[in-house]
Amino acid sequence: MQQFDLTIRHGLVASDEAVYEADVGIIGDKIVAVERGLPAGRRDIDATGHYVLPGGIDTHCHVEQRSGMGVMGADDWYSASVAAAHGGTTMIVPFAAQHRGHSLKQAAEEYTALATAKSVIDWSYHLIVSETDSKTLNEDLVEQIRRGITSFKVYMTYEALKIDDYQMLDVLALAARERALVMVHAENNDVIRWVSQKLLESGSTAPKFHGTSHVALAEGEATHRVIQLARLFDAPVLIVHVSAPDALATIGAAQRMGAQVYGETCPHYLLLTEDAMDLPGVEGAKYCCSPPLRDAGSQEALWTALNDGVLQTVSSDHAPYRFDETGKLPYGDATTFKQAANGMPGLEARLPLMFSEGVNKGRMTLPEFVALTATNHARMYGIAPRKGLIQAGADADIAIWDPKHEVTLTASALHDRVGYTPYEGMTVTGWPRIVVSAGRVIVEDGKFAARAGSGRFVPRSTPLPFQNERPVSARGQFFRSLAIGEAREGHTSFGYSDRQN
Ligand code: DUC
Ligand code: ZN
Ligand code: ZN
C-alpha cells in the first residue's frame, strides 16, 4: 500500500447516517481509505476524543457582493474564506450578482476572478438573476449552467433585484429545461412596501419596525405563489432563509402533494428572536435581516422542520454589513429601519452554533448535523460525491471536531471583518481543532496556514432534484413544451387539461 500523506486516526467518523470508529488515510487532495487500523501516514493526527466530520459546506453566504440595496459587504473572498475555515467550513458557495442593466456573463467572470485570486478554500457560486431578457437567460445563464454553475437565486422583493411573476415563469421554465436549481427569496414586495410606507409616515422608524414590515404572511404568500408557479412546469424550487411557520406549512403541504420543493433556514432564525431588534436606539439594526427574526414559536417550528425533513439545509446567510455608515447605519443614528442594510454575519459560527445548540441540546443527532451542514448541501447543489462525506474518492475536506472545546463568541475572536457578532458573549461547546482542506492542514489550534488563491473552483453537476428524476406530469410537460414553442395543435402534448392533474 502506498504511504499516506496524512492520516487521522483514533477518531469517530460521522456521516449523515452513522457515527463509527475509523481512521482516514489521505493522499494528495483525496481521501483514499476510511477503515480501522490504518498505518500512520507521513503526518499522523491523533483524533482520540474527536469527531472526524466532513468539512462544512455553506451554500448561502454573501461575499464581496453588492446587495439589492446597493451596499458592498465588508468581507472579500479572502476574509470570508478564512473565517469560514476557522469554523470548520471547507467550501463556500456565495453569489455572483447581476445588477439591472448589467450582463450576467460579466458578473460571473468578474466574480470568478475575485474568487480565484483570494479564496483559501474550495468554492463555487450561484448566480443572482435580475434580468430575464433572452441574452441573460438563453445565452449567459445557459453557458454558466454548462460550466458547472447549476443553481441561481431570484428575488421576489427588493426593487433593484426583484422579478415579477411573468419573469419568474420564464426563469422556472428555463431551469426545468436546463436542470438547474432555482433558489427563491420569497417575500411579497408590495406588502412590505405598503406597510413600510405607512409606518414611516407615522414616524415609526426604529429597527423593530423592520420586523413589522416584513410580516410573516408576506413570506407565506410569496412562498405559496412561487411554489404554484413552479408546479406549472413541475420545476424544483428551493426556498432560502425560511423563517416562519406560515412558509413552513406551505412548503410541507407542497411536499406532501409530491411537489419538488426544498427549504433552507439559518442559525439566526433558530437561535435569536425579534426582541433583538428592539434594543435601545439603533442597536437593533444589527439584527435586521430579511426575512426578519421571528418569535419563540417560530424557532420551535423551524427545529421541528429540520427533524421532519421539511427543510434540508442550514446555511449562514452571512451578510457582512458593519455597524457603521458603510453598512447598517448610512445615516448614523437617524437611519430608519428601511435604510439599514439587511443581514447579519455568521459564516464562522454556523457549525459551532448548530453543534452546540443542536446536537448538544438534543435537538438533532450528529448525523443530522452532518446532513444539514454538509452532506445535503453537497447533494442538493451537485457537489456530491466529491464533497459532503468522508469516503474514499472524496476530497479530503475534514473538520476534526473537539466536542468539549468551549468558545465564547466575540467579534474580536472571529475572523470576518464585520466588527460585531449577533452572538456576542454566547458560549458554544464544540469547535474544530484542526481543519483540512483538500488534504492540507489549514487551521490547527487556531493557527491558520493557507495562501490567498489556494482554494479551487469546483464545477457542480446536476442538483439532487434532477437526479432520479420523477416522471413529469402532463401539466408539467405541456407547459414546458409551451415555453420552448413546441406545444402546437397536433403535437402530442397539446390538449392538456387541468382535469388530468
Ligand atoms: N437576503 C439574503 O439572502 N441575505 C441577506 C438579505 C436578504 O434579503
Ligand atoms: Zn434573500
Ligand atoms: Zn442571503
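Below: a short report on this structure. Given the structure is predicted, the values throughout are model-derived calculations rather than measurements. (Residues numbered from 1 in each chain as written. Chains lettered and ligands numbered in written order. Predicted model: local features only at pLDDT ≥ 70, side-chain atom pairs only at ≥ 80, totals over all residues.)

Some remarks on the overall build of the protein chain
Within the protein chain one finds 13 helices and 21 strands. For the protein chain, the C-alpha radius of gyration of 22 Å lies close to 23 Å, the compact-globule estimate for 501 residues. Taken along its principal axes, the extent of the C-alpha atoms in the protein chain is 65 × 60 × 40 Å. Burial status across the protein chain gives 55% buried among its 501 residues. Taking all contacts inside the protein chain whose residues are at least 6 apart in sequence as the whole, residues at least 24 apart take part in 76%. (Helix = DSSP H or I, 4+ residues; strand = E, 2+ residues; numbered from the N terminus. Rg over C-alpha atoms; globule rule 2.2 N^0.38 Å. Buried ≥ 20, exposed ≤ 12 C-beta atoms within 10 Å, placed from the backbone. Contact = placed C-beta atoms within 7 Å.)

Description of the pairing of strand β20 (residues 440–444)
By the bridge criterion, 4 bridges tie strand β19 (residues 427–437) to β20 in an arrangement that is antiparallel. Residue pairing in the sheet places serine 437 in a bridge with arginine 440 of β20. Counting the residues that bridge the hairpin from β19 to β20 gives 2 residues, and of these alanine 438 lies at a positive phi of roughly 50°. Pairing between β20 and strand β21 (residues 447–448): 2 bridges, direction antiparallel. Paired with glutamate 444 across the two strands is lysine 447, which belongs to β21. A loop of 2 residues connects β20 with β21, the two strands running antiparallel in sequence, and aspartate 445 in this loop sits at a positive phi of about 45°. (Pairing = 2+ DSSP bridges.)

Here we look at the sheet that holds strand β9 (residues 89–92)
Ordered in space as β8-β9-β11, the 3 strands form an open sheet in which the pairing is parallel. One side of each edge strand has no neighbouring strand; the edge strands of this open sheet are β8 (56–58) and β11 (122–123). In this structure, β8 lies alongside β9, joined through 3 bridges in parallel fashion. Across the sheet, isoleucine 57 pairs through a bridge with methionine 91, a residue of β9.

Some points on the site of ligand 1
Around ligand 1, the neighbouring residues are His62, His185, Val240, His241, Cys289, Ser290, Asp317, Ala319, Asn342 and Gly343. Broken down by class, the residue content of the shell around ligand 1 amounts to 3 nonpolar, 6 polar and 1 charged. (Near = placed C-beta within 6 Å. Nonpolar A, V, L, I, M, F, W, Y, C, P; charged D, E, K, R; others polar.)

Notes on unusual backbone geometry
Apart from glycine, the bulk of residues carry a negative phi angle, and the bulk of peptide bonds sit in the trans form. With omega at -10°, the peptide bond leading from serine 290 into proline 291 counts as cis. Omega for the peptide link from alanine 384 to proline 385 comes to 5°, which places this bond in the cis form. Inspection of the secondary structure assignment puts proline 385 in the loop between α12 (366–380) and β18 (398–408). A positive phi angle, near 70°, is found at histidine 10, a position not held by glycine. Relative to the helices and strands, histidine 10 resides in the loop between β1 (6–9) and β2 (12–14).

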